[in-house]
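Residues per chain are reported as follows:
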Amino acid sequence: MMIHLVLVQMAFIAIYGASLRDSITFDGPEASPWLRDPRIVLDDAVSVPPALRLNPEGYHHYDEMTAFLRAVHVAYPQLTSLYSIGQSVQGRELWVLLISTTPAERTILKPEVKYVGNIHGNEPVGRELLLRLIQHLLVNYPKDDYVRFLVETTNIHIMPSMNPDGFEVSREGDCGGVQGRYNANGKDLNRNFPDLFRGGKNNGDPQPEANAIARWMTQRQFVLSAAFHGGALVASYPFDNKEVKLNLPHLSGRYEPSLTPDDDTFRHLATMYSFNHRKMHSAGACFPGDTVFPNGTTNGAAWYYLAGGMQDYNYVWNGAMELTLEVGCCKYPRGETLPEYWEDNKQAMLKYLGEAHRGVRGQVFDSLGNPVANANVRIKNRSFGSKTTTLGEFWRILMPGVYTLQVEADGFATHEETFQVEEGRHTLLNVPLRRGGDKVIAAC
């Protein structure tokens, strides 16, 4: 893949200004490994190396989680990098484990994906699922072709706990309470981000945990993300909030969808997770009178309106496609049920990571072949885009179809280019920018 990419870039520079067909390539015959089903090879604790062993029927508190992550990195330095994006209110590290074959170096056009667990401290199932995912990826890397594909072609960032302070005061077995939900300042971290429908203002005083997430996202151009919650069984997608009119239908319990320009892609991602989950797609109401979600998915606002949520922030401000995954009716179930939660979610978690390879990716160059950083890249008629990396890279998850890419950068003419996305193949698109102020529309 890397040799192929270099050759494409060399050809592009040599024929700068070439036609649309000349600037687009597709992967070869083995183009859709992310569409395959993972083979679940090894999960039994007896066969797991000591550094990867977890308590199979118990939760891991902060010290235990930290010890596990450190041991994993020591045992697998060639496949992992352990780092902290900041600290909680009470000074606990917000750990992230990166799993990749290139954890210490930048690989051009290798997409960045993240999983974040335990946003609400009393919803820790996601925390444990992510520890088990770490175990599964590293144990099965030598044995499972799909896992090997993920680790070799994707930078997988796993944050087991965004709210370690809240978890430490939560109560196991508490299915519906709020003890430990908030951070140590008593703030809801999933209501603490800038909100599109409130003029981009933060919803409340910014908290260190939310600030750390925002800072992290300026350092990495994440393509795909998911946040794990509990208390329901559904895959929810943006928008969570809505510009509410004066009739306020939600006051009588009626909420209306708030759809993004990328609704087709979000619906696909949510449905993909739900139908690869053992129960989500066919689940009924958690409790009498609760909402029933057809196919196990929902638009966030259609469920209820939420201001300052993290999934909207990911999409609007950073161009990352994020879902909110509610993985169980009980917020903090007994530890002995965790193996069942893992069995329910592992196929969906693995398949979801592969979706980062869907759509278009590429680089933006000037006329001398130098990458253009901080260029604004978006799809025409889809309002929210992203900025190129220091290497001029961009990614966008898209469903099959024909699209027009729009690229703007200071000192360059606006560039538009039409391209096609095919099922099972990601499109590689190298974009030439010309100095000046006139719009450039690539020839087809």
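Residues numbered from 1 in each chain as written. Predicted model: local features only at pLDDT ≥ 70, side-chain atom pairs only at ≥ 80, totals over all residues. Heavy atoms only, no water.

## Quick look at unusual backbone geometry
In step 1: The omega angle of the peptide bond from P238 to F239 is -5 degrees, so this bond is cis rather than trans.
In step 2: Here the phi dihedral of N118 falls at roughly 60 degrees; this positive angle occurs in a residue that is not glycine.
In step 3: With a phi angle near 65 degrees, N295 is a residue other than glycine that sits in the positive phi range.
In step 4: With respect to the element layout, N295 can be found in the loop between α8 (263-276) and β8 (297-299). (Helix = DSSP H or I, 4+ residues; strand = E, 2+ residues; numbered from the N terminus.)

## Details of the side chain of S258
In step 1: Among the secondary structure elements, S258 is positioned in the loop between β7 (232-237) and α8.
In step 2: Engagement of the side chain of S258 in a polar contact is seen with the backbone oxygen of N241, the distance being 2.8 Å. (Polar contact = N/O pair within 3.5 Å; in protein donor to acceptor, adjacent residues only side chain to side chain.)

## Let's talk about the pattern of salt bridges
In step 1: One pass over the full model with this rule turns up 21 salt bridges.
In step 2: With a shortest N-O distance of 3.3 Å, E128 and R132 are connected by a salt bridge. One end of the pair is E128 and the other is R132, both in helix α4 (residues 125-140) and four residues apart, which spans about a single turn.
In step 3: According to the relative accessible area criterion, R132 is buried, its value standing at 6%.
In step 4: Here the salt bridges do not stand alone but share partners, grouping E123, R181, D188 and R191 into one network. (Salt bridge = Lys/Arg side-chain N within 4 Å of Asp/Glu carboxyl O. Buried < 20%, exposed > 50% of the residue type's maximum accessible area, 1.4 Å probe, protein only.)

## Regarding the sheet that holds strand β2 (residues 80-87)
In step 1: As summarised here, the arrangement of the eight strands in space is β2-β3-β5-β4-β6-β9-β7-β8, forming an open sheet in which the pairing is mixed. The strands lining the two open edges of the sheet, one partner per strand, are β2 and β8. Sheet twist, expressed as the mean angle between neighbouring strand axes with direction ignored, is 20 degrees.
In step 2: Bridge analysis of β7 against β8 gives three bridges, and the strand direction is parallel. For S236, the partnering residue across the bridge sits in β8 and is T298.
In step 3: Sitting on the sheet, helix α3 (residues 62-75) is in contact with β2 and β3 (93-99), with an inclination near 30 degrees to β3.
In step 4: In the packing of α8 onto the sheet, the strands contacted are β6 (222-229), β7, β8 and β9 (321-328), and the crossing angle to β9 comes to about 30 degrees. (Pairing = 2+ DSSP bridges. Axes fitted to C-alpha atoms, helices over the stretch in contact; angles between N-to-C directions. Contact = heavy atoms within 4.5 Å.)

## Overview of the state of the cysteines
In a disulfide, the sulfur atoms of two cysteines are covalently bonded to one another.
In step 1: Tallied over the full model, the rule gives two disulfides.
In step 2: Across the disulfide, C175 is cross-linked to C330 (sulfur-sulfur distance 2.0 Å). Here C175 and C330 share a disulfide; its torsion about the S-S bond, -90 degrees, makes the bridge left-handed. Taken together, the positions of C175 in the loop between α6 (164-168) and α7 (208-219) and C330 in the loop between β9 and α11 (338-354) put the pair 155 residues apart, joining distant regions of the chain.
In step 3: Judged by its relative accessible area of 34%, C175 falls in the partly exposed class.
In step 4: Relative accessible area serves as the criterion here: at 11%, C330 is assigned to the buried category.
In step 5: The side chain of C286 participates in a disulfide bridge whose partner is C329; the two sulfur atoms lie 2.0 Å from each other. On the sign convention where negative is left-handed, the bridge of C286 and C329, at about -75 degrees about the S-S bond, is left-handed. Here the residue C286 occupies a position in the loop between α8 and β8, and C329 occupies one in the loop between β9 and α11, the gap between them amounting to 43 residues.
In step 6: With a relative accessible area of 21%, C286 lands in the partly exposed category. (Disulfide = S-S within 2.5 Å.)

## Remarks on α11
In step 1: Its 17 residues give α11 an end-to-end C-alpha distance of 24 Å, which sits within 8% of 24 Å, the value for a rise of 1.5 Å per residue.
In step 2: For α11, a buried count of 14 out of 17 residues is recorded, marking the element as mostly surrounded by other parts of the structure. (Expected span 1.5 Å × (residues − 1).)

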